Every structure is written in structure tokens, then in C-alpha cells.
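This is what each chain is made of:
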Amino acid sequence: MSRLASPKVVNIEDLRRLAKRRLPKVIFDYIDGGADDEITLRENCRAFQDICFRPRNAVSLAYCDLSTQTLGHGLSLPVLLAPLGYSRLMHPRGELAAAAAASRAGIGYILSTFSGHKLEDVKAASAGPVWFQLYMAGGRETAESAIERARAAGYSALVITIDTAVAGMRERDFRNGVKALLRDSLLAKVPYLPNIAAHPVWLASFLMDGGLPTLHNIVIPGKGPLPLMDVASALASASVTWDDFTWIRQVWKGPIVVKGVLTGDDARRAVDEGAAAVVVSNHGGRQLDCVAASIRALPGVVGAVSGQIDVLMDGGIRRGSDIVKALCLGARAVLIGRAYAYGLAAAGEAGVTRALEILRDDLERTLRLLGCESVSELNRSFVSEVHCV
């Protein structure tokens, strides 16, 4: 029996423990950590506990339909894999493994600009819908080149993240020496090397993969692919404003998804700027601390767009029951980030597949216990927002 199929791996937290064991602290904390005091990071998960179910009992269901549609794509369950920067550091196959696992599960995958594999190769790894998440690192000329490559490769939507005017203060990264480890100076790296050496399996795979990858999807004219850099430096040149959307619509004719929406005002502005969908998101608690948990912000955004566009949500999803709660409050589907990142870090593609299996089984079980035969039938009558633990 593989360790992923063992009775010890029954939920996402079990995958988290495996990832923590395999990864050096600097890599694990990059996945696991948040900004400042990590209040929003914790609240993203905890807020789901304040939502109670209202089941329809004495109901027997022969079949539960978990499928949905968003932006014209059929999904076997209401989940997409969120963009996850630097995932090649978690596992050598990184984005390739995640895209392949998403394809096999019949769901969508969103590729981060800050990826270690070429966007063409990632699209080729998936037979399902793949969206490209754009950061403006390198300026408009660099971004336009990436957009054209994404269009030619067959990406079906462009995701624009709007909550990264600067990078959040991710204190774990600072303490773990992220900047020092990415510098050329060996002396600066010395204090952090013992912990890396204490994870020989990860270290061997990292070295066999060629060490620090370049950012193949950020090609600077006259210079080539951008070297791997710390997230603060990368985001410093990557912020997007509403004024950029006029230009974005000119160079990308497909659907645009605006990610990082927490208020009705921003949701309505996204509609005005031609967005086909918004993602209610606080960047997994990694940007501005002490903003609302995503599940708390969701109803206001749903109300603001009044059904004009799809509303997706990410932040704090660890169980299928969390997915159900988000759909009850109006989300069309959810994005998961850490939930699959732990699986990827623990065991590559097999780990992502196991994470999705866990969520799928939990989602179906929750629907059956609610007495609801389809995710399309979920609504606010199935939940009450009172403290229930």
C-alpha cells in the first residue's frame, strides 16, 4: 500500500504533514505561511466553522451530480487549481504535474506567471481547460509576449490578479532567508544550509532538476527569461491598475477573470471593465492581513454582480464541506491552492491526485448527507450562518 493510499492520509492536513516532512523549512513555509500576524490566513479556514448545515433528512439519493460549468467549460466537480508560483521548487515536475492531475480529474488548472515550466509545456500536459494568470513583471512588452504565447498555446482565459500593489510582509520568508538563498553569495546562504541538507530527498531532486529554475514565461526583450527572484522583488514591478484593463482587452480577446476581489465596489468595477468572472480572494492571507475571510466576503460580491458574471472563490478550502458552503453562498466554483500544494510537495502528481480524491469524496458525502442530489441545487437554504462548534 502506498503512503498516499494508507489510512494515515485521509484529509488535506495529512498531506500537509507529509509535505512538511519532505520539504526544507524555507520551501514549506513559503506554501504554508501568510502575511504579518497571519490573522487572515487563519481566519480563511476558521470562518467556515461559523456556517452550519441545514440538511434534508430521510432522503435517499441514487446519484449525486458534482459537475458544473464556468466560462463555458464543463468541470467534473466545482474546483479549479489556483495559480501557484514557484511550484517547481516544491516538486521538479511542478506545474506539469498539477496540470496533468487536474486534467485527469476533469477540472481546470490556472498557471501562474511565476512558473518554472514553459506555458506551452504546461498546456500540453492537460486535455482540460487551462487559464493563464498574468502578472505584469517586466512591463507591458513582456506581458504582451506572454499573452500571445498563451493564446497560441490554447489557454482559454486570462486571470488578472489585482491585490499585489506590493508584496505582503511574509515574515516566515524573511526569517528563513529567502533573499539570502536567492543571492549569489555563498556566505549569505550558510546559516540556512543545514536545514536544507537535512532534507536529502528534496535536495537530490532539486539538484537533479538543475537547481533554481528560471522564469520561462517572463522573457525580457534583449535579455531572455527572468532569473528566479524573491516574491517581493517580482511583485514590485507587477502591479495592475484598472487603467491597464483597456490595454489588456486590446491584446487578449478571450474571457478575463479578475482575481483578488473582496468588495462589491471592486466587483462592479470588474464587470464594467469587461470581466467574465471574478474570484473572491485575499491571496490566501498572503497580502494585506486583517482583511475579511474570503467566505465572509463572498455574499457581498455575489449580490453586487447580480448574476451578470460568474463568481468564484478561493481561501481556506480544506474539505469538500467547505466547497459546499461556498456554493451555498453563491460561488459557481472554488479555487484551491494550499490544498493541492501540500499534495504536490508530498508526492508530485500522485499527491495532487490524492488531494482531489479526498475533496471529491468529501464533497459527494456532504451532498448525500444534506439530501441534495446536485451542486447546481445548492443555495442558502442549506446553511445558516451561526457559530456551530
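Quick note: structure is the one above.
Note that this is a predicted model, so its numbers are computed, not measured. Note on numbering: residues in each chain are counted from 1, in written sequence order. Whole-chain, interface and lining totals are the exception, using all residues; otherwise, since this is a predicted model, local features are given only for residues with pLDDT of at least 70 and side-chain atom pairs are given and counted only at 80 or more. Working from all heavy atoms in the structure, the side-chain values ignore hydrogens and water.

**Remarks on the overall build of the protein chain**
Counting from the N terminus, the helices are DSSP H or I runs at least four residues long and the strands are E runs at least two residues long. Across its full length, the protein chain holds 17 helices and 14 strands. Based on C-alpha atoms, the radius of gyration is set beside the globule rule, defined as 2.2 Å times the residue count to the power 0.38. Its C-alpha radius of gyration of 20 Å places the protein chain within 12% of the 21 Å reference for a compact globule of 389 residues. Projected onto the principal axes, the alpha-carbon positions of the protein chain cover approximately 65 × 50 × 40 Å. The proportion of buried residues among the 389 residues of the protein chain is 57%. For the protein chain, contacts bridging at least 24 residues in sequence account for 74% of all contacts bridging at least 6. Here the open area of atoms and residues is found with the Shrake-Rupley method and a 1.4 Å probe, where only the protein chains shown may cover a residue. As displayed, the protein chain has an accessible area near 15800 Å², and 54% of this comes from carbon and sulfur atoms. As used throughout, the charge tally considers Lys and Arg to be positive and Asp and Glu to be negative, leaving His and the chain termini uncounted. Taken as the charge centre is NZ of Lys, CZ of Arg, CG of Asp or CD of Glu, depending on the residue. Separation of charge centres in the protein chain, based on 44 positive and 40 negative side chains, amounts to 4 Å. Burial classification: accessible surface area is computed with a 1.4 Å probe over protein chains only, and a residue below 20% of its type maximum counts as buried, one above 50% as exposed, and the rest as partly exposed. Only heavy atoms enter the contact rule, under which two residues are in contact if any of them lie within 4.5 Å.

**Thoughts on a nonpolar patch on the surface**
Each patch is built from residues lacking any salt bridge and having more than 30% relative accessible area; the joining distance is 9 Å for like charges and 5 Å for nonpolar side chains (Val, Leu, Ile, Met, Phe, Trp, Tyr). A carboxyl oxygen of Asp or Glu within 4 Å of a side-chain nitrogen of Lys or Arg is what we treat as a salt bridge. Where nonpolar side chains cluster on the molecular surface, the patch consists of Leu-186, Leu-187, Val-190 and Leu-193 and spans about 400 Å² of accessible area. Examined against the element boundaries, Leu-187 turns out to sit in helix α9 (residues 186-189). For Leu-187, a relative accessible area of 70% corresponds to the exposed category.

**Looking at the pairing of strand β11 (residues 277-280)**
In regular strands, side chains alternate between the two faces of the sheet. Here β11 shows a buried face lined by Ala-277 and Val-279 and a second buried face lined by Val-278 and Val-280. For strand β10 (residues 256-261) and β11, the ladder comprises four bridges, and the chain directions are parallel. Within the sheet, the bridge partner assigned to Val-261 lies in β11 and is Val-280. Note that the unit made of β10, helix α14 (residues 264-272) and β11 has a crossover that is right-handed. The pairing criterion is simple: DSSP has to find at least two bridges between the two strands. Both β11 and strand β12 (residues 310-314) contribute to a ladder of four bridges, which runs parallel. Seen with the strands pointing away from the viewer, any crossover whose path from the first strand over the helix to the second strand runs clockwise is right-handed.

**Some points on helix α15 (residues 294-305)**
In this model α15 runs 16 Å from its N-terminal to its C-terminal C-alpha over 12 residues, within 8% of the 16 Å that 1.5 Å per residue would give. Among all positions in α15, only Ser-294, Ile-295, Ala-297, Leu-298, Val-301, Ala-304 and Val-305 are buried. Seen from one end, α15 has its buried residues packed into an arc of 155 degrees, which puts them on one side. In this fold, the buried residues of α15 make contact with α3 (39-46), β10, α14, β11, β12 and α16 (320-328). Just downstream of α15 lies Ser-306, where phi reads positive at about 50 degrees. The span expected for a helix works out to 1.5 Å for each residue beyond the first. This arc is taken over the directions from the axis of the helix to the C-beta atoms.

**Some details on the sheet that holds strand β13 (residues 333-336)**
As summarised here, the arrangement of the eight strands in space is β4-β5-β6-β7-β10-β11-β12-β13, forming a closed barrel in which the pairing is parallel. Within this sheet the neighbouring strands show an average axis-to-axis angle of 30 degrees, counted without direction. Angles run from 0 to 180 degrees between N-to-C directions of axes, and those axes are lines fitted to C-alpha atoms, restricted for helices to the stretch in contact. Seen against the sheet, helix α4 (residues 94-105) touches β4 (79-81) and β5 (108-112) and runs at an angle of roughly 165 degrees to β5.

**Digging into α3**
Considered for burial, the residues of α3 that qualify are Thr-40, Leu-41 and Asn-44. Angularly, the buried residues of α3 cover 110 degrees about the axis, an arc narrow enough to put them on a single face. Where the residues of α3 are buried, they touch α2 (25-32), α7 (171-175), α15 and α17 (338-370).

**So, the nonpolar core**
If you look at the biggest cluster of nonpolar residues, it comprises 116 residues, and the most contacted ones within it are Leu-81, Tyr-109, Ile-295, Ile-336 and Leu-378. Those residues within four positions of Ile-336 in sequence are excluded, and the remaining contacts are Val-79, Leu-80, Leu-81, Ala-82, Ile-317, Leu-356 and Leu-359. In this structure, Leu-75, Leu-80, Ala-82 and Ala-277 belong to the second largest nonpolar core, which totals 13 residues. The definition of a nonpolar core used throughout is a set of buried Ala, Val, Leu, Ile, Met, Phe, Trp, Tyr and Cys residues joined through side-chain atoms within 4.5 Å.

**Remarks on the pairing of β10**
Across the six residues that make up β10, a large majority, six, are buried. Relative to β10, strand β7 (residues 158-161) runs parallel, the two being bridged by four bridges. Residue Ile-160 lies in a different strand from β10, and its bridge partner there is Val-258.

**A few points about the pattern of salt bridges**
The final tally for this structure, using the stated rule, is 26 salt bridges. Arg-16 is the salt-bridge partner of Asp-32, the closest N and O atoms lying 2.9 Å from each other. Within this pair, whereas Asp-32 is found in helix α2, its partner Arg-16 is found in helix α1 (residues 12-22), the two being separated by 16 residues in sequence. For Asp-32, a relative accessible area of 7% translates into the label buried. Measuring nitrogen to oxygen at the nearest pair gives 2.8 Å for the salt bridge that ties Arg-46 to Asp-50. Judged by its relative accessible area of 28%, Arg-46 is partly exposed. A relative accessible area of 9% means that Asp-50 is categorised as buried. Through salt bridges that share partners, Glu-13, Asp-14, Arg-16, Arg-17, Lys-25, Asp-29, Asp-32, Glu-38 and Arg-172 make up one connected network.

**Digging into the side chain of Thr-113**
Relative to the helices and strands, Thr-113 is located in the loop between β5 and α5 (119-124). Judged by its relative accessible area of 2%, Thr-113 is buried. There is a polar contact of 2.5 Å between the side chain of Thr-113 and the backbone oxygen of Gln-133. For Thr-113, the contacting residues outside a window of four places in its chain are Phe-132, Gln-133, Leu-134, Tyr-135, Asn-217 and Ile-218. Under this definition, polar contacts are N or O atom pairs within 3.5 Å; protein pairs additionally need one hydrogen-donor-capable and one acceptor-capable atom, and for neighbouring residues in sequence, both atoms have to be side-chain atoms.

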